Each structure stands twice: as structure tokens, then as C-alpha cells.
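The residues making up each chain are set out below.
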Amino acid sequence: MQLIFIDDSGQERPRREHLGELVSVGAVMFPEDQMVVYSRAIDQLRTEIGMPDGEEFKWKPSKGSWLAKAGGEVVKGARRRMLELAGQCGVRTAVVIWDRGRADWDKKEVATTILGYLYERIERELQTTDERGVVIADVPGGGSKDHAKWLSEALDLTTVGTAYVKPDRVVMPIVTAPSDHVPHLQLADLVTAATTAAIAGLPNGLELVELLKPLARRNAYGRIGGSGLALVPRDPLIDLYFWVLGETDYYKNGIAYAIGPTDSPFSQPGRLFQNHDGLPTPEPKGPGGV
């Protein structure tokens, strides 16, 4: 049995050129016997950094909270430690990111669609490990009506499935829980937000990529692109798998397609990032390195 925790995130103003607002959802998948192991390790981390009871690890902590006041080094260290602990517990992750600059759907419609994409990756991971799973989501924002609507839409995934997967492995409807009581949901917040920040080109996400990569689920060819990280729409963004993950090919229907910079003077039409990562060029420093 695996316990799967999901949360959403986003970036309104990515640093990379060509990108519009990013909307994302991600999952962290725990082997059942590692649930308590992770919880205890997080309790120890809280003690080590002096984090008070009731405080939540959040990518964007509330203003005035202990975490917001703790300082950058404490926050960075805690994030890195959480990802290291996840690796030690055998956690697998998947994140789906939608670029509204390329496909400007209504946000709620995007959220429903990418949840379906994420569900497909959860089912496939459970097929790979030959296990069953239960999915727990952070309580969605909004009031009780929005919560009920979200649960109703999510129910279709676990009763009907999608065009590509049937609900064979997830054994019950998706349930919700408040993240302040569930450290595994707090990890889902970190993984989803950090991955989205890395795609957006933000330093606080890019600096965690080497810890995120070992957690991400991979396809049969050992690639994260399209499996542990899915970018939508795929073709305009496909070369970000090179710039962010360091992968040099992308597999589709068992065929490898080269991604990243090419010696050819012609870029493939629509490949926005084939020869450039889209990040702004650092301004040259003045005399004395200032």
C-alpha cells in the first residue's frame, strides 16, 4: 500500500521569458511502512531548529509566523532536510505544470485538467510497484461549496478514470485533510512549489533541483521528463527538461527525441527554449566586482 499526498501551487510571474502564469499540482508517494518514519524525523527536525508546535512547514509561510521570521538559512536548511528525509523514506514524486501563457484556459478548468494528468501518473506508479494506493489532498481553498465541488470533480477520477488510465490501483475516492496536521502534505507543498519555482527560473527552486531529481518518478527509459515532471503544453516547453533536469532526450511512444541546444542553425518551430534557457543574462559587475 502507498499513501499519496497531493497539493497545488503556481507562479504568477515566472523569471524565464516566454512563460506565462504557471499553475501546478504535485504528489508525494509514500510506502506505507515509511509514514511514521518520516513523521518522527520531521518532529526531530522541528526540535533541532526550535520550531514551535502547531507551526506548519509552508513554501509561502504566513506573515508573522515563526517560519517567516526564522531567516533564509533556517528555511533553506529545513527544505533541504525535508527532501533528504523523503529520499531516505523511498518517496516518489510527480508534478504537472501548466503554462497559461501558452494555453490560457480558465484557472478552475486548468486545475481540473492537470489533476487528471497527475492521477494518471499516480496510477502508473502504482502499476509499476504493483501496489494499491490512497490519495489525500490538502483542503482546497474557498468555502464549503468550493470544497464539495472539488471533491465531486475528483470523484470522477477514482470511479471512471481518464482516457489513458482506469481506476485500478487507487482504492477509494480522494479525501482531504488540513495540511497543518499532516507533515506529508507539507512535503507535497514543498515538492510542488519548488519544482514550479525551478521551471519558473527562480533561484529558490533551482537550488533544490538536485535534491528533487532523485525523488521524481521515471519512465522505463530512466527519464523524468513527462513522467515525474510533466509540462503542458509539451512541445513549446519540452527543452526545459534539458535546462532544468539535464536530460538530453525525451521519449514518446518508445522513440527518443533529442532536446536541448543543437548545432543546426535552425531551431525547430515552436521550440521556445531549444537554444536558450530563457533566463535573463546577469548584468556585468562594475570595478571591484560591485
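Everything that follows concerns the structure shown earlier in this document.
As the structure is a computational prediction, the values presented were derived from the model and not from experiment.

## Some details on the overall build of the protein chain
Helix and strand counts for the protein chain stand at 10 helices and eight strands. Its C-alpha atoms give the protein chain a radius of gyration of 19 Å, within 12% of the compact-globule value 19 Å for 290 residues. Structurally, the protein chain occupies a C-alpha span of about 55 × 55 × 35 Å along its principal axes. Sorting the 290 residues of the protein chain into buried and exposed places 49% on the buried side. By sequence separation, contacts in the protein chain at least 24 residues apart represent 70% of the contacts at least 6 residues apart. In the form shown here, the protein chain has an accessible surface area of approximately 14300 Å², with 52% of it arising from carbon and sulfur atoms. Here the protein chain carries 33 positive and 39 negative side-chain charges, and the mean point of each set is 2 Å from the other.

## Quick notes on empty space enclosed by the protein
Inspection of every chain in the model, using the stated rule, returns two cavities of 30 Å³ or more. Taken as a whole, the largest cavity encloses approximately 140 Å³ of empty space. Lining the largest cavity are 14 residues, with Thr195, Leu212, Ala216, Leu229 and Leu245 sitting closest to its centre. The dominant element in the lining of the largest cavity, judged by the number of residues it contributes, is helix H6 (residues 183-200), at three residues.

## Some details on the packing of helix H1 (residues 35-49) against helix H3 (residues 72-88)
Orientation of H1 relative to H3, taken along the N-to-C sense of each, is 160°, at an axis distance of 11 Å. Looking at the two axes, H1 sits roughly antiparallel to H3. As H1 runs across H3, the sense of the crossing is right-handed. Between H1, through Tyr38, Ala41, Ile42, Leu45 and Ile49, and H3, the contact on the second element is made entirely by Val74, Ala78, Arg81, Met82, Leu85 and Ala86. Across the contact of H1 with H3, the residue classes break down as 10 nonpolar, no polar and one charged.

## Description of the layout of surface pockets
Empty space within the second largest pocket amounts to approximately 780 Å³. Considering the residues around the second largest pocket, the lining is formed by 25 residues, among which Arg121, Arg124, Gly226, Arg234 and Tyr250 are closest to the centre. Those elements that provide at least two residues to the lining of the second largest pocket are helix H4 (107-129), strand E6 (229-232) and strand E7 (249-252). Tallying contributions element by element places H4 first for the lining of the second largest pocket, with six residues. Considering only residue class, the lining of the second largest pocket consists of 10 nonpolar, seven polar and eight charged.

Rules of the game
- Residues numbered from 1 in each chain as written.
- Predicted model: local features only at pLDDT ≥ 70, side-chain atom pairs only at ≥ 80, totals over all residues.
- Heavy atoms only, no water.
- Helix = DSSP H or I, 4+ residues; strand = E, 2+ residues; numbered from the N terminus.
- Rg over C-alpha atoms; globule rule 2.2 N^0.38 Å.
- Buried < 20%, exposed > 50% of the residue type's maximum accessible area, 1.4 Å probe, protein only.
- Contact = heavy atoms within 4.5 Å.
- Areas by Shrake-Rupley, 256 points an atom, 1.4 Å probe, with all protein chains shown as cover.
- Lys, Arg positive; Asp, Glu negative; His and termini not counted.
- Charge placed at Lys NZ, Arg CZ, Asp CG, Glu CD.
- 1 Å grid on protein atoms, 1.4 Å probe; cavity = no way out; pocket = protein on both sides within 12 Å on 5 of 7 lines; lining within 4 Å.
- Points joined across faces, edges and corners; volume = space filled by probe spheres on them.
- Axes fitted to C-alpha atoms, helices over the stretch in contact; angles between N-to-C directions.
- Parallel < 35°, antiparallel > 145°, perpendicular 65-115°, else oblique.
- Left-handed = near helix turned anticlockwise from the far one by under 90°.
- Nonpolar A, V, L, I, M, F, W, Y, C, P; charged D, E, K, R; others polar.

The quantities given are spatial measurements derived from coordinates; they are silent on function.
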